[in-house]
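Here's the letter readout for the chains.
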Amino acid sequence: MTKIPSKTILYVTTACVSALIGVLPVRAQQSGGPEEIIVTARRVEERLQDVPLSITVYNQQQLSNRNIVSSTDLAAYTPSLAVNSRFGPDKSSFAIRGFSQDLNTLPTVGVYFADAVAPRLTSNITSGNGAGVGNMFDLQNVQVLKGPQGTLFGRNTTGGAILLVPQKPTDKLEGYVEGTVGNYDAHRFQAVLNVPVNDKIRVRAGVDRDVRDGYLHNLSGIGPKDFNNVNYWAARFSVDIDLTPDLENYTIFTYSRSHTHGTVGKIAFCNRGTVPGSTGVAGLGRAANCAQLDAEKAAGYRYYDVENSDPAANLLGTQWQAINTTTWKASDTLTVKNIASYGQAKESYSFNIDGDNIAIPFVTTYPGPNGGEGSQWTLTEELQFQGRTNNDRLTWQAGGYTELSDPIGTQQQWTAVFSNCTNVYAFQCTPLAFGPAFIIGSVGIAHNDYRYRNYGLYAQGTYKLSDELRVTAGLRNTWDWEKETADNIRVVPSPAGALAYSCSRAVTPAPNPGAALITDGACGIGRSFVQKSHKPTWLIDLDYKPTEDLLIYAKYARGYRGGGVNEANVGAETWKPETVNNYELGAKTSFHGAVLGTFNLAGFWNDFTNQQATVTIPQCVATTPGCTNPAFTGINGIQNVAKSRLRGIEADGSALFGNFRLEAGYAYLDAKVTGVSVPVCDNTRFNCAQASFLSTPGSTLPFAPKNRITLTGTYTLPLDEKVGKVSVGATFTHTDSQSVNHSDDAAFAAGAIPFNASLDPATDLLTLNLNWNDIGGRPVDLNVFATNVTDQKYYVGSANSLSTTGADFIILGEPRMFGVRVRVHTGQ
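Everything numeric here is computed off the predicted structure, so don't read it as measured data. (Residues numbered from 1 in each chain as written. Predicted model: local features only at pLDDT ≥ 70, side-chain atom pairs only at ≥ 80, totals over all residues. Heavy atoms only, no water.)

## Overview of the overall build of the protein
- Looking only at helices and strands, one finds 5 helices and 46 strands in the protein.
- At 27 Å, the protein has a C-alpha radius of gyration in line with the 28 Å of a compact globule built from 828 residues.
- Within the span of the protein, comprising 828 residues, buried residues form 57% of the whole.
- Taking contacts inside the protein between residues at least 6 apart in sequence as the whole, the part at least 24 apart equals 71%. (Helix = DSSP H or I, 4+ residues; strand = E, 2+ residues; numbered from the N terminus. Rg over C-alpha atoms; globule rule 2.2 N^0.38 Å. Buried < 20%, exposed > 50% of the residue type's maximum accessible area, 1.4 Å probe, protein only. Contact = heavy atoms within 4.5 Å.)

In structure tokens:
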């Protein structure tokens, strides 16, 4: 892809906007054109082309054509949207414009369903917070909002927000039944029924069941036969009641349950002494991993063949939420809306963190015997006031937001490190040891509970300076409070059971109570941490609309993401908020006549300060200078160690040439570190000289591909209505390579490894679909689809441990998928 000089991004955008003013025809709006998409990006219904914001919108048909099953599938088709799939699709998290979520930081992209934020879910590794399966059916549309949304939305949204808008109950008796079959023994069933009970009450219910074999073939003979499979149930029930002509109450219940084998990494290469590190204890791992790699090659393993060491590998996630929206039209100029929700999210998983299958695996994580790794309830309440003056010169909205979230029971995670366990809960494991006096292996027990309190007050208004010129200003203040209570125990295992108990980070009581440490809470003494933060965010926007078909806007917005807590980051257990200043210039255009279409362009510049980033520091050993009290484990936590600059261009458009529709999207992103600070580190316990973080100014931020382009063409055959509506379509998406981290950069530059596993490769993915709707004039639709048609082999994440445990493991992306979908509908 040709690179655009980043210096001139906003100047290029300005020039394009100026040119558009001169060449666009002034025409009356025609109904049914592409510009008729309605969005709720500013919490009210507006035409997409009237909103001064960069947005990508998909309707349900577009989602089906692309076989988008989970929210994370959106990333394959949306410019500026990326996804972190390090721990599999069910635990993925979003990044927009380079703003990503590390470990257990707060999300940078808020996911909203029916105007309510997804329930929180916090565990020791990244959780999706709404990015999983079960929501992508019976939708009105999906809106991807790019850039800070901190004024109108109730949670940290420095990168943007994703709005999932379900179909509301209607006044028609209608519904559909849909079945899908595909390769990898895929079977999906959907059914939706809409019933108008009377002229005031409408009910809608739906169910979605999806199963598919995994595309990673487990040849170890240990655990499940495959990984990255699909297996979920989802259900939805909604009631819309007109209590009076001016008072509406809309309630929706959602539920999803996914139980899969999880994911596993594939060993890519090992350190054969060409990369510094992997000596001593880690050197044993290097030798074992190289032996595994050699054995796989000798056995003729193919690309999707993997090994696994965990007999009970699985990932179970459940989520439900009840959302109630009451809307009162108090007068012609005032509307009052209340949005309340309560939900629960739980997850329980067991898997090998890397993917090694050696005599003594490095790290395997398990749920606790009495609870999973994540279990959280979330309550939200938002009161909105929306108004306008009688002459419509001023429109405004204001409101307050409250969010409470606490654990359900106690969250538990058991982790076996350098141990091969037959029964981890009885501590029956073979640990790595150099004689009885020097046992390296251990089982860690983490009882980490997270509590959140979040409050916000906001107001935003738009004033018409003239019929063509409007100014919008908004202000929000957010108060965040987070508390983590930790109780972490280290157990020395043996094949017969536990040998010793101690506190991982707190001082072990004397006398040592032994097994009672697991339940008496003594290891939690002094390990409770609170992070409070509050910041204002704002928006100032000026937009100019000289004609009905052209909107030009300039915007300045401040974004904020709250601080957080991770007690494992010894000495720096809490981190501060981060802020971003966003400057954006854009234009939205529509055109008519022989060709109907739209073209939108935006240029943005973000200054990102106090950046929250992962810091990894190994524990010190006796030979490390200054090491007097070595920690049991290293640090893998969050600190404010960087500032960055993120700038780019986004463009999208559509055109209808008779029976042929062309859609295109493009994003150019230049996301670089501009400064760093030295992380907090205690050199008496850790090897501070080997700290790994965003340490090099000029390096690219994770999940920020420089170029992405999507092209979709759809041709509708000119057939008689009695035959039905037949269309064929294709979507091509190119994504540049993108950094996951920078762990392997130096080794790759030195020629020590065959490829850089910390850099996801560029991809060129092709999707094809054939739709035949209303076959023979009957209410039957047929869809044939295929994704990754060329069967490109690529990876979407990695575990980079060349200098420690001596190997790199990669998380493989989906191969070619294809299938046939049939829908029978009525009343539509």
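There's plenty left to go through after this.
## Some points on the sheet that holds strand S9 (residues 160–166)
- Judged by pairing direction, the sheet is mixed, and its 5 strands sit side by side in the order S3-S8-S9-S6-S7 without closing on themselves. Here the strands that pair on one side only, and so sit at the sheet edges, are strand S3 (55–58) and strand S7 (116–117).
- Bridge count for strand S8 (residues 139–146) against S9 is 7 bridges, and the pairing is antiparallel. The partner of Leu145 across the bridge, within S9, is Ala161. (Pairing = 2+ DSSP bridges.)

## Topic: the pattern of salt bridges
- Within this structure, the stated rule accounts for 35 salt bridges.
- The partner of Glu403 in a salt bridge is Arg120, with the nearest N and O atoms 2.8 Å apart. Highlighted residues: Glu403 in strand S23 (residues 394–407) and Arg120 in the loop between S7 and S8, separated in sequence by 283 residues.
- Residues Glu567 and Arg505 are paired through a salt bridge, measuring 2.8 Å at the closest nitrogen-oxygen approach. Linking Glu567 in the loop between strand S32 (564–565) and strand S33 (574–575) with Arg505 in the loop between strand S29 (500–503) and helix H4 (517–520), this pair joins segments that are 62 residues apart in sequence.
- By relative accessible area, Glu567 is classed as buried at 1%.
- The partly exposed category is assigned to Arg505, whose relative accessible area is 25%.
- In this structure, a network of salt bridges that share partners links the residues Lys168, Arg202, Asp240, Asp242 and Glu248. (Salt bridge = Lys/Arg side-chain N within 4 Å of Asp/Glu carboxyl O.)

## Regarding the sheet that holds strand S44 (residues 795–801)
- A sheet is described by the order of its strands in space; here 3 strands give the open sequence S17-S45-S44, paired in antiparallel fashion. A single partner strand is all that each edge strand has here, and the edge strands are strand S17 (266–270) and S44. Pairwise comparison of adjacent strand axes, ignoring direction, gives a mean angle of 25° for this sheet.
- For S44 and strand S45 (residues 807–812), the ladder comprises 6 bridges, and the chain directions are antiparallel. (Axes fitted to C-alpha atoms, helices over the stretch in contact; angles between N-to-C directions.)

## A look at the environment of Gly521
- Among the structural elements, Gly521 can be located in the loop between H4 and strand S30 (528–547).
- Between the C-alpha atoms of Gly521 and Trp575, which are 54 residues apart in sequence, the distance is 25 Å.

## Let's talk about the confidence of the model for the protein
- On average, the protein scores 89 in pLDDT, and the residues at 70 or more come to 94%.
- For the protein, per-element mean pLDDT is lowest for helix H1 (residues 9–23), which scores 36, and highest for strand S12 (residues 201–212), which scores 98.
- Residue range residues 1–35 is modelled with pLDDT below 50. Its contacts to residues more than four positions away, or to other chains, number 68 contacts. (pLDDT = per-residue confidence, 0-100.)

## Comments concerning the state of the cysteines
- For the coordinates displayed, the defined rule picks out 5 disulfides.
- In this model Cys270 forms its disulfide with Cys290; the gap between the sulfur atoms is 2.1 Å. Residues Cys270 and Cys290 are joined through a disulfide that is right-handed, its torsion about the S-S bond being 110°. With a gap of 20 residues between them, Cys270 in strand S17 and Cys290 in helix H3 (residues 280–298) connect regions that are remote in the sequence. Each member of the pair, Cys270 as well as Cys290, is classed as buried. (Disulfide = S-S within 2.5 Å.)

## Concerning the side chain of Gln612
- Structurally, Gln612 can be placed in strand S35 (residues 595–617).
- One polar contact links the side chain of Gln612 to the main-chain carbonyl oxygen of Lys576, over a distance of 3.0 Å. (Polar contact = N/O pair within 3.5 Å; in protein donor to acceptor, adjacent residues only side chain to side chain.)

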